[in-house]
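Letter by letter, the chains look like this.
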Amino acid sequence: MCPVCPGESIDQSQNDIASYMREIVFDQVESGKTDEEIKNYFVERYGPVVLMQPPNKGVGRIAWIIPPIGFLIAIIVVYMVLSIMRRKRSQIQDERLYYDLDVSLTSDERKKYIALIENEEFSRKGKIR
Amino acid sequence: MVEIGHIAIIASFLVTMYSTFVGFAGGMLNGRDLASSARWGFYSVVPLLLVATMCLIYAFVTNDFSVKYVAENSNLAMPKAYAWVAFYSGNAGSLLYIALAFSVMGSLAIKVINVKLPYTAPYALGVMSLVLIFFLGVIVFLANPLDRLPVAPEDGQGINPLLIHFGMFIHPPFQMLGLISVAIPFSVAIGTLLSGRGGRDEWVDQGRLWGMISWLLLTAGLLLGSWWAYTILGWGGYWAWDPVENSALMPWLAMTAFVHSIMVQKRRGMFRMWNMLLIITSFAMAQLGMFINRGGPVPSVHSFAESTMGWIFLAIMAITLFCSLATFIFRYDTLKSRGTLESFISREAAFLAQNVLFLLIAFVTLWGTVFPIFSEAVDETTMTIGQPFFNKVNGPLMLLLIFMMGVGPLLPWRKATWRSAIRMLKGPLLLGISFIVISIIAGIREPWAVFAFGTCALALGGILQEWIRGTRSRYSRGESVPRAFIRLISANRPRYGGYVVHISIVMLGIGIVASSFYDVQRDVVMAPGDVETLGKYTFKYVGVDKEFFPDRVKEVAQFEVWSGDTYVGNMFPNRSFYPEFRIAATRGAIRSTPWEDFYLVPSEFREDGQAVFRVLINPMVWWMWASGPILVLGTILSLSPNRRIVRKLSLTDLSSGRGNISGVYTPLGAGD
């Protein structure tokens, strides 16, 4: 992460400092240093702000922990909402599902109609006209 | 000229105030005259703001540097066509642009809503006017682009050179319009709550229509923005998880969830409260986006319109959120669900899971964006959350989303048995798995990439299966194949339009996955005459031309490029240096094919004739840009009204047993 240009990495930035830092990285890779050592070299000079991602320790760890926790909570919420919605269903009669259709049907027609809705493909097969 | 603009802005501010009060009064007293007066008030803001805009652009074209905003954002050397870009390149001007764009789109929306939802329309109008008042108020009292300077300078400071690009004509207008247009479905929703008609589901069609338009604008803004970054910022990428990019992505995610879950309400009368909360969240996120863009607290490459007034946007966001949630709680009892969930294996359940997933991604993105502030407050260490973090965290979630996109539409409404679900999913799953096997055989070893390609294949397979099944059943009734296919799509446009959009998302996904896992990059130092190779490409650096302009020095490098043994032509990457700004703008040269992009960017031209270039091969980026038009097409298709079928419907036909089948389907919700 480039120290002077907002929001650009040294890889992206066209700034002089960024290209200077690229050269440092290049030289240090040449001299056989590991990635970790090079990163530490920059962190010592500029602080953790130069890293593109927070370190997995101290406050930085919080950044990493929250998303998986959010994922777990999301799964639990979906499961709970679905089961609550399902429980409610058993209290309500099936017929209520169609009460909003303001049409009076004989029981035979009603059965036919429900059967139609149940069958996903009815509109394509078009058996009933 | 400038004074006329001043008067127009103040007049529009007063008229909007009038519209707000009279609009709400019209809704509460059920006064038709009041409501229509408020409506005409809102319409009249459009010409007023047009006049103000014309005045500002006139000042740019005539180089009237006595206007502060013109002096700050242009100079004599600026090409005149960029007067339009300069108009919204700064803070004050972009506010005027937003107000103008919102008044135009809001007027259209009010015209339509007034016909479709006569009882809700006055309230919706009131909410829209409130939003407009905010922007006009900020312009009038804090940041008027038409303010004069006490002494007019000789020349202006000039426009930021990075903004001199064709993309500037389209990306910011779409992005800003997209963000503010979220206010329209939001107003419809809040209007429905205020008028107490939330239980009738009548707002669903209008909410969906304006929600999708706004979603389309946001998508266009995002895609154009990435395209612009890819061609101009010159690092070979298109998305950097920059705070401002994130803040545009978050409302897009929330809106995507909204346009999906509104279908459940349309079809099954469920998720009434959820939809309200989603649209409230979307609007809050859109406001947050504007806040982060304007003097936001986090550093970003987008800090063009920066100003000290970001905090006003944050305050307004808090107030909006508070008021809309209060309205929601106040009208809570009107929003009980009609339908109920019958099974975990149903499309409703899939929609809910998908919705939560979208919100989770939005939340994680928000978390990553604001974390630097958090860490500074807690520990006093500043940290950066960059690309690697978001890729690691959001990547798997997005993959899961593509999986849901493949599975969800295949599940039936209400309930499915495990057996029928497996029967529907068998084909796509097999296709996905076989793709995974093929990729491994073809030498793709990266586990995430293999997995992602398999998931994309699954999603695509699901859509194809639906098309083939539908076409086949029509074919068996004696229609020819192309005819059956076209009939199939036009019979249920929301559904098949949605599939077209899904295909474009798969294309986007393939482009993103391929280019993030398989890009090749090399930095080379070359003297004129040198030849280098990367992958199958061989390129020869012929030399550099220096061109001098009043405001910049432009260095154009010439390359001869071969792909394998065939000569494919010259490429001219260039770099301009603007001494006044001390900014260099590079423009890469790209040879794009569906298979891969060959990308050349100059990093540095040295005195001794040598030059440093960055050479990249980005696989399949072409597909990302190609997905854009398809996405637009799909959205338009799914919004186009189904007149033919609606006309055929009549309830008497239904009760007498002669009901047209596709007709029965439509009023229940064409969103199957």
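Residues numbered from 1 in each chain as written. Chains lettered and ligands numbered in written order. Predicted model: local features only at pLDDT ≥ 70, side-chain atom pairs only at ≥ 80, totals over all residues.

A tally of regular secondary structure across chain A gives five helices and zero strands. Counting from the amino terminus, helix and strand elements in chain A follow one another as α-α-α-α-α. Taken across its 129 residues, chain A has 17% of its residues classed as buried. Within chain A, contacts between residues separated by at least 24 positions form 18% of all contacts whose residues are at least 6 apart in sequence. (Helix = DSSP H or I, 4+ residues; strand = E, 2+ residues; numbered from the N terminus. Buried ≥ 20, exposed ≤ 12 C-beta atoms within 10 Å, placed from the backbone. Contact = placed C-beta atoms within 7 Å.)

Let us look at the overall build of chain B. The helix and strand inventory of chain B stands at 22 helices and 10 strands. Relative to the compact-globule value of 26 Å for 672 residues, chain B shows a C-alpha radius of gyration of 27 Å, a close match. Taken over the C-alpha atoms alone, chain B extends approximately 90 × 70 × 55 Å along its principal axes. Residues counted as buried form 53% of the 672 residues belonging to chain B. Counted over contacts in chain B with a minimum sequence separation of 6, partners at least 24 positions apart contribute 72%. (Rg over C-alpha atoms; globule rule 2.2 N^0.38 Å.)

Residue and element names in this part refer to chain B. Ordered in space as β1-β10-β9-β8, the four strands form an open sheet in which the pairing is antiparallel. Here the strands that pair on one side only, and so sit at the sheet edges, are β1 (520-526) and β8 (589-592). Averaged over all adjacent pairs, the angle separating strand axes in this sheet is 15°, with direction ignored. Relative to strand β10 (residues 611-619), β1 runs antiparallel, the two sharing seven bridges. Counterpart to methionine 526 in the pairing with β10 is alanine 611. (Pairing = 2+ DSSP bridges. Axes fitted to C-alpha atoms, helices over the stretch in contact; angles between N-to-C directions.)

A separate point is the domain arrangement of chain B. Residue and element names in this part refer to chain B. Looking at chain B, the domain boundaries give domain 1 (1-159), domain 2 (422-517 + 626-668) and domain 3 (520-622). Every contact between the two is made by five residues of domain 2 and, on the other side, five residues of domain 3. Counting residues per element, the side of domain 2 that touches domain 3 draws most heavily on helix α18 (residues 493-517), at four residues. Looking at side-chain class alone, the side of domain 2 that touches domain 3 contains three nonpolar, two polar and no charged residues. (Domains from an automatic or database assignment. Nonpolar A, V, L, I, M, F, W, Y, C, P; charged D, E, K, R; others polar.)

Glancing now at the confidence of the model for chain A. All names here are of chain A. Summarising the model, chain A shows a mean pLDDT of 67, and 47% of its residues fall at 70 or more. The secondary-structure element of chain A with the lowest mean pLDDT is helix α5 (residues 122-125), recorded at 47, while helix α3 (residues 59-91) shows the highest, at 78. Taken together, the stretch residues 93-103 has pLDDT below 50 and engages in five contacts with residues farther than four places along the chain or on a different chain. Counting interchain partners and residues more than four positions distant, the pLDDT-below-50 stretch residues 124-129 has eight contacts. (pLDDT = per-residue confidence, 0-100.)

Another point: the nonpolar core. Residues and elements named next belong to chain B. The biggest cluster of nonpolar side chains holds 188 residues, and the ones touching the most others in it are Ala99, Ile139 and Ala254. Both domains that furnish three or more residues to this core are identified here as domain 1 (1-159) and domain 2 (422-517 + 626-668). Excluding its chain neighbours within four sequence positions, the residues that come into contact with isoleucine 139 are Ile9, Ala92, Leu95, Leu96, Ala99 and Asn144. Ranked by size, the runner-up nonpolar core spans 14 residues in total, among them Phe559, Phe598, Tyr599 and Ile617. (Core = buried A, V, L, I, M, F, W, Y, C linked by C-beta atoms within 7 Å.)

Right, let's get into helix α10 (residues 243-268) of chain B. Residues and elements named next belong to chain B. Between its terminal C-alpha atoms α10 stretches 38 Å, which fits the 38 Å expected from 26 residues at 1.5 Å a residue. The buried fraction of α10 amounts to 26 of the 26 residues, a majority that puts the element mostly inside the structure. Directly beyond the C-terminal end of α10, a positive phi value near 65° is found at glycine 269. (Expected span 1.5 Å × (residues − 1).)

So, on to unusual backbone geometry. Residues and elements named next belong to chain B. You will see that asparagine 63, though not glycine, has its phi angle at about 50°, which is positive. Its place among the elements puts asparagine 63 in the loop between α2 (32-61) and α3 (68-73). You can call asparagine 63 partly exposed: it has 17 C-beta atoms within 10 Å. Unlike most non-glycine residues, phenylalanine 271 shows phi in positive territory, near 60°. By secondary structure assignment, the location of phenylalanine 271 is in the loop between α10 and α11 (272-293). With 25 C-beta atoms packed within 10 Å, phenylalanine 271 lands in the buried category.

A separate point is the packing of helix α8 (residues 183-194) of chain B against helix α12 (residues 310-330) of chain B. Packed helices, taken two at a time, are described by their axes: the angle between them and the distance between them. All names here are of chain B. In contact at an axis separation of 9 Å, α8 and α12 are set at 40° when each is read in the N-to-C sense. By the angle class used here, α8 and α12 are oblique. Here the hand of the crossing between α8 and α12 comes out left-handed. Each of Ile190, Leu193 and Leu194 in α8 lies in contact with α12, whose residues at this interface are Ser324, Thr327 and Phe328. (Parallel < 35°, antiparallel > 145°, perpendicular 65-115°, else oblique. Left-handed = near helix turned anticlockwise from the far one by under 90°.)

We now examine the confidence of the model for chain B. When pLDDT drops low, the exact placement of atoms in the prediction is not to be read closely. All names here are of chain B. In the predicted model, chain B carries a mean pLDDT of 82, and the fraction of residues at 70 or more is 92%. The secondary-structure element of chain B with the lowest mean pLDDT is helix α22 (residues 661-668), recorded at 38, while α8 shows the highest, at 92. The low-confidence segment residues 644-672, where pLDDT is below 50, has 45 contacts with residues more than four positions distant or belonging to other chains. Confidence estimates for the predicted assembly give a pTM of 0.84 and an ipTM of 0.70.

As a further point, take the environment of B:Pro412. One can find B:Pro412 in the loop between α14 (387-407) and α15 (418-441). For B:Pro412 and B:Ile345, which are 67 residues apart along the polypeptide, the C-alpha to C-alpha distance reads 8.3 Å.

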